[in-house]
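# A structural walkthrough
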Protein chains: 4
Amino acid sequence: MSADPETPLRADAQRNRDQIIAAARVIFASHGPEVPMEEIARAAGVGVGTLYRRFPDRDALIRAVAVDNFAGVLDNAKRLSVEAPSAWEALVQLLYHGAELQLSMQLAMLSQRAHEILKDDPEVAHLREAVLLEVDDLVVRAQAEGALRKDVGAGDVAVVFARIVRQLPAHRLKTPELATARSIAIMIDGLRAGPVTPLPGRPLGKDDLI
Amino acid sequence: MSADPETPLRADAQRNRDQIIAAARVIFASHGPEVPMEEIARAAGVGVGTLYRRFPDRDALIRAVAVDNFAGVLDNAKRLSVEAPSAWEALVQLLYHGAELQLSMQLAMLSQRAHEILKDDPEVAHLREAVLLEVDDLVVRAQAEGALRKDVGAGDVAVVFARIVRQLPAHRLKTPELATARSIAIMIDGLRAGPVTPLPGRPLGKDDLI
Amino acid sequence: MSADPETPLRADAQRNRDQIIAAARVIFASHGPEVPMEEIARAAGVGVGTLYRRFPDRDALIRAVAVDNFAGVLDNAKRLSVEAPSAWEALVQLLYHGAELQLSMQLAMLSQRAHEILKDDPEVAHLREAVLLEVDDLVVRAQAEGALRKDVGAGDVAVVFARIVRQLPAHRLKTPELATARSIAIMIDGLRAGPVTPLPGRPLGKDDLI
Amino acid sequence: MSADPETPLRADAQRNRDQIIAAARVIFASHGPEVPMEEIARAAGVGVGTLYRRFPDRDALIRAVAVDNFAGVLDNAKRLSVEAPSAWEALVQLLYHGAELQLSMQLAMLSQRAHEILKDDPEVAHLREAVLLEVDDLVVRAQAEGALRKDVGAGDVAVVFARIVRQLPAHRLKTPELATARSIAIMIDGLRAGPVTPLPGRPLGKDDLI
DNA sequence: TATGAATGAGATTTCATTCAT
DNA sequence: GATGAATGAAATCTCATTCAT
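Everything numeric in this text was worked out from a predicted model, so none of it was measured.

## Here we look at the overall build of chain A
Within chain A one finds 10 helices and 0 strands. Order of helices (α) and strands (β) in chain A, N terminus to C terminus: α-α-α-α-α-α-α-α-α-α. Of all 210 residues assigned to chain A, the portion counted as buried reaches 53%. Partitioning the contacts of chain A with sequence separation of at least 6, the portion at a separation of at least 24 is 73%. Counting only carbon and sulfur atoms, one obtains 55% of the accessible surface of chain A, whose full area is about 9,600 Å².

Below, the structure is given as structure tokens:
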């Protein structure tokens, strides 16, 4: 009789929920958000019915995966902000080890479908804001460190991030990891302080997104 | 019942074919290659029947759009190679005005579905090869000009291109054109010769793709 | 594991059983016998599991509700037969206060599904027979009283009952109670002895049903 | 390219549409409005796809059947109003030969589901109003003829109609046609002018419905 | 030849029933 | 014994493709 949305799930139900989100994360990342629900259920090792009991429709599942992901990114950013040797290094790490970042970006920025679903979700909005605040802080500090070029803002960094994290499909490359690492390194060089070419317009802040 | 593939189409049939490809290009670019055939037909102002008479199935349509696009990119690259003030400038122009480039990349590299379809098509393979040859030439010349960093190959450039051209969805940005222009400029700065950070591995050539 | 069907239920189990039947009665009456089992369980304030422990499947529940109802109608008819000032009045009362009558009729006569389930149930058959005997008695006595027209039998009366008790959905009427009362009164006027129009055929007795 | 809703259907499409409505009418009448769409399609001799092309969902089909039916009732009423020997006779005929009347009533008044769907449809509303106007006229005239009791209005008549037309399921009766005819006759006797019992309240007019 | 109607396979979603907690 | 989670069969609906007009 627990209509209360706060009632914690039963142990087995929680386990299933986690498995479903994990499976959906992997599949969404590799095949986009349109894969048959049945396939996701199978990958999670549950029946479709279970999937639908936990998430009333595809949108709810996408939302849940997105929230889970943004939360992961936020954790990561906060941890790196404290533990990395410098703010610049924190930004760089965030990129290189950005599996979660990647999916978040993909869901939030790259798929029309996903965007429609997420754009008005308050939980997503809240996490997004928190992540951008963290990035904003890193940007300011990395500029103070003299490592990040001065003419960019958190918005610029987020946009470059979004482009970078878009995983190139492995199938087109003989040496996919190397190619990825190299292209990220090249783009990071573009962000570095030093003898840069002037950019058009003005620095884009975190509020220039949306 | 002209089975001869070389028979030129009647004028109106050719017009239909062109309209369909044009419509499909726009829709594929904005919504990916999974949109209902009926929608494409409607956008082209023809009935589904006509679409299917011209292209026996979705794969054939995707192939035709891809060929059309690669051909456009090749034209562009050849023209820029001759007309641009420098090889570096040609590469930069290719990026900034890369609407066709974008769709080619998206079709060829970003969508699992499209990739499956295109990977064994000889016409696509031929055009791809021609484009990469052109890029290879520009890369060598731009390095000789001292404008492009020495430690990259045509493969690296193509990978960075692929990341760059992935259009950020306008809906997430207040100032989409500006954001795009800025992020491209940042990434190009990463390609520039000058005081660069060492890249991992070795330069990737055009044959490191696929 | 008392397989003995006669073992009385534990007090709480009996309470659950009663709640379920009460809830099902209300829901069947308003939405027909196809409502989701979960909804019935919720309305009864129990889990589905409990519902299924008490009634092995939907059919069993429908049967139980029908039995409960017919028993109520029988009680009612017997009481009215004794307490009402006349047999005619007993028939009229049976109609006007026929909530249970209504559901019985609906289950037994109006829903294809319910009919299939009930038609071979011996307990239902027995109660039905008992109710019809009671009505038969009232019919004979009401005709002897000179109140009920002579050319009808218990079968006719049951059929008219079935039509009358079909509750008109309140949502279609501005003044639902009044409309119901008036239409019942009109139809009862049709049953009254007096200057009547001849009916086709012969009086239908209780054995003309089924 | 005929997006115009007024464009007449192609001959074969119109034939299918008609067959679907005819099949749905029969099935709705005997099994209610919840039967599987596939079954309706099969009965109409078309594929499900065709059914869904013509009627985007079940609601649309229900609406179409209802409109078709109300139109039939209206035709019937108008014809009888002119051709029947008296207004009273017209009302009686409307009842006895009320196959369409029956389904209309069932759809409009008896099924919760159907009512929700129809209650805001303007076309249905318009036809309903037209039918009630016709009945209103017949009521006034039948009262002037001295055949219909004076203390009823069109609303009362419609309510009694609704109760009458609810076909008793044949499976419960040995002699279903006879039983139906007799019960209708009995109820009509209740509507007759003559020595009647006073009804509660006031006559209900056509605007007391809804 | 162009059109859009028809088809049916497959995807989404619901719900009766079973079973772990 | 009670609960509500899990299951999968069945219903709803969509869309690629074929075919009559």
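## Thoughts on the pattern of salt bridges
A side chain of one charge can pair with a side chain of the opposite charge if their charged atoms are brought near each other. This model, assessed by the stated rule, comprises 33 salt bridges over all chains. Connected via shared salt-bridge partners are C:Arg149, C:Asp151, D:Asp189 and D:Arg192.

## So, the side chain of D:Asp156
Summarising the element assignment, D:Asp156 is placed in helix H9 (residues 154-165). Other than its neighbours up to four places away in sequence, D:Asp156 contacts C:Arg182, C:Ile186, D:Asp151, D:Pro203 and D:Leu204.

## Details of the environment of C:Ala90
Residue and element names in this part refer to chain C. Position of alanine 90 among the secondary structure elements: in helix H5 (residues 87-96). In this structure alanine 90 comes out as buried when scored by relative accessible area, which is 0%. When near neighbours in sequence (up to four residues on either side) are disregarded, alanine 90 contacts Leu80, Ser81, Ala84 and Leu138.

## Let's talk about the packing of helix H8 (residues 122-144) of chain C against helix H9 (residues 154-165) of chain C
Residue and element names in this part refer to chain C. For the pair H8 and H9, the least separation of the axes is 9 Å and the interaxial angle reads 110 degrees. On the basis of their axis angle, the class for H8 and H9 is roughly perpendicular. Across from Leu132, Val135, Asp136 and Val139 in H8, the residues of H9 making contact are Ala154, Val157 and Ala158.

## Thoughts on the nonpolar core
Core analysis: the biggest nonpolar cluster contains 131 residues, and C:Phe28, C:Ile40, C:Leu61, D:Phe28, D:Ile40, D:Leu61 and D:Leu107 have the highest contact counts within it. Within the second largest apolar cluster, 124 residues are counted, among which are A:Leu80, B:Met37, B:Val67 and B:Ala84.

## Side note on helix H8 (residues 122-144) of chain D
Counting along an α-helix, one turn takes 3.6 residues, and residues three or four places apart therefore face a common direction. Residue and element names in this part refer to chain D. Across its 23 residues, H8 extends 33 Å between first and last C-alpha, which sits within 8% of the 33 Å expected from 1.5 Å per residue. At the N-terminal end of H8, a side-chain oxygen is found 2.9 Å from the backbone nitrogen of glutamate 123, two or three residues along, and the residue is aspartate 121. Note on H8: the residue one or two positions beyond its end, glycine 146, has a positive phi of about 80 degrees.

## Let's talk about helix H1 (residues 11-31) of chain D
Residues and elements named next belong to chain D. With 21 residues, H1 ought to run about 30 Å at 1.5 Å a step, and its terminal C-alpha atoms sit 30 Å apart, in line with that. What H1 keeps buried is the set Ala13, Ile20, Ile21, Ala23, Ala24, Ile27 and Phe28. Residue glycine 32 follows H1 closely and has a positive phi angle near 80 degrees.

## Details of the environment of B:Ile27
Residues and elements named next belong to chain B. Here isoleucine 27 lies in helix H1 (residues 11-31). With a relative accessible area of 10%, isoleucine 27 lands in the buried category. C-alpha of isoleucine 27 to C-alpha of alanine 43: the two residues are 16 residues apart in sequence and 8.5 Å apart in space. Excluding its chain neighbours within four sequence positions, the residues that come into contact with isoleucine 27 are Gly32, Val35, Glu39, Ile40 and Ala43.

## Some details on the packing of helix H1 (residues 11-31) of chain C against helix H4 (residues 58-83) of chain C
If you want to describe how two helices pack, look at the angle between their axes and the distance between the axes. All names here are of chain C. Between H1 and H4, the shortest axis-to-axis distance is 10 Å and the interhelical angle comes to 90 degrees. Classed by the angle they form, the pair H1 and H4 counts as roughly perpendicular. Touching Arg17, Ile20, Ile21, Ala24, Arg25 and Phe28 of H1 are Leu61, Ile62, Ala64, Val65, Asp68 and Asn69, all from H4. Broken down by class, the residue content of the contact of H1 with H4 amounts to 8 nonpolar, 1 polar and 3 charged.

## Here's the deal with the side chain of B:Arg182
Tracing the chain through its elements places B:Arg182 in helix H10 (residues 176-191). Assessed through its relative accessible area of 1%, B:Arg182 is described here as buried. In this structure the side chain of B:Arg182 is engaged in a polar contact, spanning 2.7 Å, whose partner is the backbone oxygen of A:Asp151. Polar side-chain contacts of B:Arg182 include one of 3.2 Å to the backbone oxygen of A:Arg202. Not counting the four nearest positions on each side in its chain, B:Arg182 is found in contact with A:Asp151, A:Val152, A:Asp156, A:Leu199, A:Pro200, A:Gly201, A:Arg202, A:Pro203 and A:Leu204.

## Points about the environment of C:Ala87
Residues and elements named next belong to chain C. With respect to the helices, strands and loops of the structure, alanine 87 is situated in helix H5. C-alpha separation for the pair alanine 87 and alanine 147, spaced 60 residues apart in sequence, amounts to 8.8 Å. Beyond its immediate sequence surroundings of up to four residues, alanine 87 is in contact with Leu138, Arg141, Ala142 and Glu145.

So, how was this worked out
Residues numbered from 1 in each chain as written. Chains lettered and ligands numbered in written order. Predicted model: local features only at pLDDT ≥ 70, side-chain atom pairs only at ≥ 80, totals over all residues. Heavy atoms only, no water. Helix = DSSP H or I, 4+ residues; strand = E, 2+ residues; numbered from the N terminus. Buried < 20%, exposed > 50% of the residue type's maximum accessible area, 1.4 Å probe, protein only. Contact = heavy atoms within 4.5 Å. Areas by Shrake-Rupley, 256 points an atom, 1.4 Å probe, with all protein chains shown as cover. Salt bridge = Lys/Arg side-chain N within 4 Å of Asp/Glu carboxyl O. Axes fitted to C-alpha atoms, helices over the stretch in contact; angles between N-to-C directions. Parallel < 35°, antiparallel > 145°, perpendicular 65-115°, else oblique. Core = buried A, V, L, I, M, F, W, Y, C linked by side-chain atoms within 4.5 Å. Expected span 1.5 Å × (residues − 1). Polar contact = N/O pair within 3.5 Å; in protein donor to acceptor, adjacent residues only side chain to side chain. Nonpolar A, V, L, I, M, F, W, Y, C, P; charged D, E, K, R; others polar.

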